[in-house]
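Listed here are the chains, written in short residue letters.
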Amino acid sequence: MKKKSLQRRHIEALVAVDDNRSVHRAAGALGVPQPVLSRLLGEAEALVGARLFERSSHGSVPTAQGRLILPRARFALRTMERLNDLTAEDAPPIRLGCIPRAMHTLLPKLLERVYPDGGHDMRFEVREGNSLALFNALAASELDFAILRGNVQHASGELAIERLFDERTVIYCAADHPGIPEGQVSLPRLAALDWTLPERGTTSRGAFDAFWSEHGLPPIRPLMETRSFEANLALVAASRLISIAPESIVRRHVGFGVLRIVKVRRALPVNPVMLAFHRLAEEDPVLSRFRAYVLEAARIR
């Protein structure tokens, strides 16, 4: 006899209980009586063959098995919602996470592909953040795709990661900075200058600090720390501070005559930019097409 599978009503029940951390609140959110939701939850656990929530007077918390299954349940539910009507105006948008550097270099080209000539047949929303936060959001099925730096943790069996392009970080200063020559400059000389850097905890700052340490230099103690490349670009252009940013972004400002890339004897390492996604996305026609757009945008960026 063929084993029964989870149905959409079971998946909706699981996601609702996880969202609300309570069978009672989940029943209210779905608009069904609590006994009905309890029955669906029991059926789902029987079909899976494991207890998915620990229930107490304080609420419902996913078990270890539940934490494994719930991300896939969320992904499956969103796929069902998209497949109901691929052209519906209220179809759920594709959720993309993106690191700041790719917002400047990749997203404009992606927009040209998704919305050619002002028309569109899909919608997507973008969450900007650091690589680790976006990877964790993807693993929790809060995102459909994430564009990340290549130094994130390895993908699990549920997730796939593929290389989009390589990006170098450069040190830059104001075009007329009097303390930095046009020729090559040693890292110790730059260490003595005033810096503004991305805040601690960002992947850019972590990679820079590691590079600095590998060359036996004391940590940079910046005068300022910011949360965005844009802030540092503006600060450096108007001061004697120096900073770091992706080369492609800095070169645009070099073209305006306001910044200059510092020529260092030991270049900062190249960082791969990656696309991470659920493997099941390859079976979803909308997500599969969106992934193709991302890959094409990366090739021509």
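Residues numbered from 1 in each chain as written. Predicted model: local features only at pLDDT ≥ 70, side-chain atom pairs only at ≥ 80, totals over all residues. Heavy atoms only, no water.

**A word on the overall build of the protein chain**
Consideration 1: Each helix and strand counted, the protein chain has twelve helices and eleven strands in total.
Consideration 2: Reported as C-alpha extents along the three principal axes, the dimensions of the protein chain are approximately 75 × 50 × 35 Å.
Consideration 3: By sequence separation, contacts in the protein chain at least 24 residues apart represent 72% of the contacts at least 6 residues apart.
Consideration 4: Of the accessible surface of the protein chain, which amounts to about 15,300 Å², a share of 52% is contributed by carbon and sulfur atoms.
Consideration 5: Separation of charge centres in the protein chain, based on 41 positive and 34 negative side chains, amounts to 4 Å. (Helix = DSSP H or I, 4+ residues; strand = E, 2+ residues; numbered from the N terminus. Contact = heavy atoms within 4.5 Å. Areas by Shrake-Rupley, 256 points an atom, 1.4 Å probe, with all protein chains shown as cover. Lys, Arg positive; Asp, Glu negative; His and termini not counted. Charge placed at Lys NZ, Arg CZ, Asp CG, Glu CD.)

**A look at the UniProt feature "domain: HTH lysR-type" (unreviewed entry) in the protein chain**
Consideration 1: Mapped onto the present numbering, the UniProt feature "domain: HTH lysR-type" (unreviewed entry) falls at residues 9–63.
Consideration 2: Between the C-alpha atoms that bound residues 9–63 the distance is 20 Å, and the span itself is 64% helix and 15% strand. (UniProt positions renumbered as here; feature names shortened; annotations may be inferred.)

**Looking at the domain arrangement of the protein chain**
Consideration 1: Taken domain by domain, the protein chain consists of domain 1 (8–84) and domain 2 (89–300).
Consideration 2: Placing the centre of domain 1 and that of domain 2 at their C-alpha centroids yields a distance of 37 Å.
Consideration 3: The interface is formed by nine residues belonging to domain 1 together with 16 residues belonging to domain 2.
Consideration 4: In total, domain 1 and domain 2 occlude about 1,200 Å² of area from one another, counting both sides; carbon and sulfur atoms represent 62% of this. (Domains from an automatic or database assignment. Buried area = accessible area lost by both parts, 1.4 Å probe.)

**A look at the confidence of the model for the protein chain**
Consideration 1: Averaged over every residue, the pLDDT of the protein chain is 87; residues scoring 70 or more account for 92%.
Consideration 2: Averaged over each element, pLDDT in the protein chain is lowest for helix H4 (residues 64–84) (80) and highest for strand E10 (residues 259–261) (96). (pLDDT = per-residue confidence, 0-100.)

**A short note on the packing of aromatic side chains**
Consideration 1: The full count for this structure, using the stated rule, is eight aromatic pairs.
Consideration 2: On the numbers, 6.0 Å between centres and 20 degrees between planes, the contact of Tyr115 with Phe124 is stacked.
Consideration 3: Site record: aromatic cluster; members linked through ring pairs are Tyr115, Phe124, Phe145, Phe277 and Phe290. (Phe/Tyr/Trp six-rings, centres within 6.5 Å; stacked < 30°, edge-to-face > 60°.)

**Some remarks on the environment of Val294**
Consideration 1: Of note, Val294 is situated in helix H12 (residues 285–300).
Consideration 2: As for Val294 and Pro222, which are separated by 72 residues in sequence, their C-alpha atoms are 36 Å apart.
Consideration 3: With near-sequence residues (within four places) excluded, Val294 lies in contact with Leu106, Leu110, Leu164 and Leu275.

**A word on the packing of helix H1 (residues 8–20) against helix H2 (residues 23–30)**
Consideration 1: Their axes nearest at 8 Å, the elements H1 and H2 cross at an angle of 120 degrees. Judged on the interaxial angle alone, H2 and H1 are oblique. For the crossing formed where H1 meets H2, the hand is right-handed. Contacts from Glu12, Ala13, Ala16, Val17 and Asn20 in H1 reach Val23, Arg25, Ala26, Ala29 and Leu30 in H2.
Consideration 2: Here the contact of H1 with H2 is built from residues that sort into seven nonpolar, one polar and two charged. (Axes fitted to C-alpha atoms, helices over the stretch in contact; angles between N-to-C directions. Parallel < 35°, antiparallel > 145°, perpendicular 65-115°, else oblique. Left-handed = near helix turned anticlockwise from the far one by under 90°. Nonpolar A, V, L, I, M, F, W, Y, C, P; charged D, E, K, R; others polar.)

**Some details on the packing of H2 against helix H3 (residues 34–48)**
When two helices pack together, their arrangement is given by the angle between the helix axes and by the axis-to-axis distance.
Consideration 1: Contact pair H2 / H3: the axes reach a minimum separation of 9 Å and the direction vectors enclose 105 degrees. Considering their axes alone, H2 and H3 lie roughly perpendicular with respect to each other. The residues of H3 that touch H2, namely those facing Val23, His24, Ala26, Ala27 and Leu30, are Gln34, Leu37, Ser38 and Leu41.
Consideration 2: In terms of residue class, the contact of H2 with H3 is made up of six nonpolar, three polar and no charged.

**With respect to the nonpolar core**
Consideration 1: By size, the foremost hydrophobic cluster in this structure holds 37 residues, and its most contacted members are Leu106, Leu110, Phe145, Ile147, Leu164 and Phe290.
Consideration 2: Of all the secondary structure elements, the ones that give two or more residues to this core are strand E3 (94–98), helix H6 (107–114), helix H7 (131–139), strand E5 (145–149), strand E6 (159–174), strand E11 (270–278) and H12.
Consideration 3: Per-element tally for this core: the top contributor is H12, with seven residues.
Consideration 4: With 18 residues, the next largest nonpolar core counts Ile180, Leu190, Ile220 and Val264 among its residues. (Core = buried A, V, L, I, M, F, W, Y, C linked by side-chain atoms within 4.5 Å. Buried < 20%, exposed > 50% of the residue type's maximum accessible area, 1.4 Å probe, protein only.)

**Here's the deal with the environment of Phe211**
Consideration 1: Here Phe211 shows up in helix H9 (residues 203–214).
Consideration 2: Here the alpha-carbon distance between Phe211 and Glu230, two residues 19 residues apart in the chain, equals 22 Å.
Consideration 3: Each residue touching Phe211, except ones within four places of it in the same chain, is listed here: Leu187, Arg266, Ala267, Leu268 and Pro269.

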